Amino acid sequence: MIVAVIVDGKVTNLIVCESVEIAQQLLPDAVCIDGEGLAIGDTVEIQQPESEE
């Protein structure tokens, strides 16, 4: 599958990986999402999970 690597809300790279979860483990400093239909340079709004306190 195509996985989009997101840094600061922009697609910085598109990679081929078996799953988004594996890509996220390989790239812990970025956000990885399904890259279907995205291009490098696209802006993506990522919803941050709410932290539980």
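A brief report on the enclosed structure follows. (Residues numbered from 1 in each chain as written. Predicted model: local features only at pLDDT ≥ 70, side-chain atom pairs only at ≥ 80, totals over all residues. Heavy atoms only, no water.)

**Points about the environment of Val31**
Our working rule: For helices the rule is a DSSP run of H or I covering at least 4 residues; for strands it is a run of E covering at least 2, with both sets numbered from the N terminus onward. Here the term buried applies to any residue with accessible area under 20% of the maximum for its type, exposed to any over 50%, and partly exposed to those in between, with areas from a 1.4 Å probe on protein chains only. Should any heavy atoms of two residues lie within 4.5 Å, those residues are considered in contact.
Turning to its location among the elements, Val31 is positioned in strand S3 (residues 31-34). Taking the relative accessible area as the measure of exposure, Val31 reaches 28% and is therefore partly exposed. In this structure, Val31 is in contact with Ala4, Val5, Ile6, Gln24 and Ile46, ignoring residues within four places of it in sequence.

**Looking at the environment of Asp29**
Assignment of secondary structure puts Asp29 in the loop between helix H1 (20-26) and S3. Here Asp29 falls in the exposed class, since its relative accessible area comes to 78%. On a C-alpha basis, the gap between Asp29 and Val7 in space is 8.2 Å, while along the polypeptide they are 22 residues apart.

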